[in-house]
Structure formats: C-alpha cells, structure tokens
Amino acid sequence: EPMHRDSVLKLLQAHGVRAESGREAEMIVATIAFVTAQSDCLLRTCVPGHLTGSAWIVSPDRAQVLLTHHRKLDKWLQLGGHADGDPDLLAVAWREAREESGLANVRVTAPEIFDLDRHWIPERKQEPVHFHYDLRFVFEADPREPLAITHESKDLAWVALDRVTGLNSEESMARMVRKTRRA
C-alpha cells in the first residue's frame, strides 16, 4: 500500500518557496521527484535512498548549536535519524533530538522545514551506497541542561555558531549556520 507521502510533499513544496537558491533549491526538486517516484521512501529498505529527519538544536539566544560527533560517520553533525515508516518527519527529528541528547526539554520552534539536504551514505557491511534525503527542523534547548551521550555518538557538545564550520566544513553545515544568523 502506498505510504502517506502527501504531508511530506506539502512540507517540501512549502520549503521550495523559502529555500536558498542554487544547491538547496536543486536538492528540493530532486527530493520531490524521489518522494513522488518511491512509494517506500520512508523505509530503509528503499535501496536508492530514504528520508531522514534531523534536529538543528539551538540555544535560546541562537548563539550555540548542539552537535554530535557521529560514531559511524566520524564527523560533527546535527542530531537526527531514519524515518522508519513515520511520515511525520518533524516528529522523527524531535524524537531523535531527545533520544540522542538525553535532553528532557527540546522545544519545537516551527513546524516547517528549516533546511533540506541530500547526501551520499557510504557502503557499510550489508548496506549499499545510498542517499539520505534529510529534512531538517529547528529546535530550542537550554545549554545548561545535562546531556547524555548514546552509543551512536562519540561526543555531544554545544558549539558556538562561528566554530561550527571549523568542526565540519561541509556546505550544508555552513548553510544552516547562515540561516540561523539571518533568523
């Protein structure tokens, strides 16, 4: 049975109006085409790729962001994970934000997509190379709250916005920093 992709497509189309021109705009077009073509886009078993939900967790003053040193990918990233069939990517991102940080209070700041990225995930054991179509949402948390590191990460840290690209120079990280400054 086809999945409930309508809500995802609505979110993507609404974000298309606000997205940065160039790279992000192109990735939205590609993601809409992917979701339209793949009825199982929310499942890891979808071989070309699948949807993921990410949490860009900022401090109330927007001066810091919570990053995880991802164990498998060995780089500093925003928190997030697989949809695993859940069409509510905001809920996926929110769940992952709490599970991966140990934070009790993570607040949704807006229901719309903050950023969208499509990136290659390298081959591992049973998994072929595939794309992650990552819908990112903004959340707010208090940097004074205790953190709890899970098995999925080597470390968790609140990072000053101007230090983010020093830890991870990828364009998608720089783009989220730019957007946070503009907001």
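Structure: above.
The text that follows walks through the structure, step by step, so that each part is easy to find. (Residues numbered from 1 in each chain as written. Predicted model: local features only at pLDDT ≥ 70, side-chain atom pairs only at ≥ 80, totals over all residues. Heavy atoms only, no water.)

### Here's the deal with the overall build of the protein
When helices and strands are counted, the protein shows 5 helices and 8 strands. Starting at the N terminus and ending at the C terminus, the protein contains elements arranged as α-α-β-β-β-β-α-β-β-β-β-α-α. Expected size for 183 residues packed as a compact globule is a radius of gyration near 16 Å; at 16 Å, the protein falls within 12% of this value. Each of the three principal axes of the protein carries a C-alpha extent, and together these read 45 × 40 × 30 Å. The 183 residues of the protein split such that 46% are buried. Sequence-distant contacts, at least 24 apart, represent 68% of the contacts inside the protein between residues at least 6 apart. Here the protein displays about 9200 Å² of accessible surface, and carbon together with sulfur accounts for 53% of that area. For the protein, the distance from the average site of its 24 positive side-chain charges to the average site of its 28 negative ones is 2 Å. (Helix = DSSP H or I, 4+ residues; strand = E, 2+ residues; numbered from the N terminus. Rg over C-alpha atoms; globule rule 2.2 N^0.38 Å. Buried < 20%, exposed > 50% of the residue type's maximum accessible area, 1.4 Å probe, protein only. Contact = heavy atoms within 4.5 Å. Areas by Shrake-Rupley, 256 points an atom, 1.4 Å probe, with all protein chains shown as cover. Lys, Arg positive; Asp, Glu negative; His and termini not counted. Charge placed at Lys NZ, Arg CZ, Asp CG, Glu CD.)

### Some words on the environment of Val177
With respect to the secondary-structure elements, Val177 resides in helix H5 (residues 171-182). In contact with Val177, other than residues within four places in its own chain, are Trp56, Leu161 and Val164.

### Regarding the nonpolar core
Core analysis: the biggest nonpolar cluster contains 34 residues, and Val35, Leu51, Ile57, Leu89, Leu135, Phe137 and Phe139 have the highest contact counts within it. If you list the elements that add at least two residues to this core, you get helix H1 (6-18), helix H2 (23-37), strand E1 (49-58), helix H3 (89-101), strand E7 (130-140) and strand E8 (153-160). With near-sequence residues (within four places) excluded, Phe137 lies in contact with Leu11, Ser54, Ala55, Trp56, Leu89, Leu90, Ala93, Pro111, Glu112, Ile113 and Phe114. Residues Val65, Leu67, Phe114 and Val138 belong to the second largest nonpolar core, which totals 14 residues. (Core = buried A, V, L, I, M, F, W, Y, C linked by side-chain atoms within 4.5 Å.)

### A look at H5
Helix length check: H5, at 12 residues, gives a terminal C-alpha distance of 16 Å against a target of 16 Å (1.5 Å per residue), a fit within 8%. If you check which residues of H5 are buried, you get Ser172, Met173, Ala174, Arg175, Met176, Val177, Lys179 and Thr180. (Expected span 1.5 Å × (residues − 1).)

### A few points about the side chain of Asp117
Positionally, Asp117 belongs in strand E6 (residues 115-121). A residue is classified by how much of its surface remains accessible, and Asp117, at 7% relative accessible area, is buried. Among the polar contacts made by the side chain of Asp117, one reaches the side chain of Arg175 at a distance of 3.3 Å. (Polar contact = N/O pair within 3.5 Å; in protein donor to acceptor, adjacent residues only side chain to side chain.)

### A closer look at the pattern of salt bridges
Any two side chains of opposite charge can pair, on the condition that their charged atoms come close. What the rule picks out here adds up to 17 salt bridges. Note that Arg44 and Asp84 form a salt bridge whose closest N and O atoms lie 2.8 Å from each other. Placement of the pair is Arg44 in the loop between H2 and E1 and Asp84 in the loop between strand E4 (79-82) and H3, with a sequence separation of 40 residues. Residues Arg175 and Asp117 are paired through a salt bridge, measuring 3.3 Å at the closest nitrogen-oxygen approach. You can see Arg175 sitting in helix H5 and its partner Asp117 sitting in strand E6, a full 58 residues away along the chain. When sorted by exposure, Arg175 lands in the same class as Asp117, which is buried. (Salt bridge = Lys/Arg side-chain N within 4 Å of Asp/Glu carboxyl O.)

### Overview of the environment of Val58
Of note, Val58 is situated in strand E1. Expressed as a C-alpha distance, the spacing of Val58 and Arg107, which sit 49 residues apart in the sequence, is 9.8 Å. Aside from chain neighbours lying at most four places away, what touches Val58 is Gln64, Val65, Val138, Phe139, Glu140, Ala141, Trp158 and Thr180.

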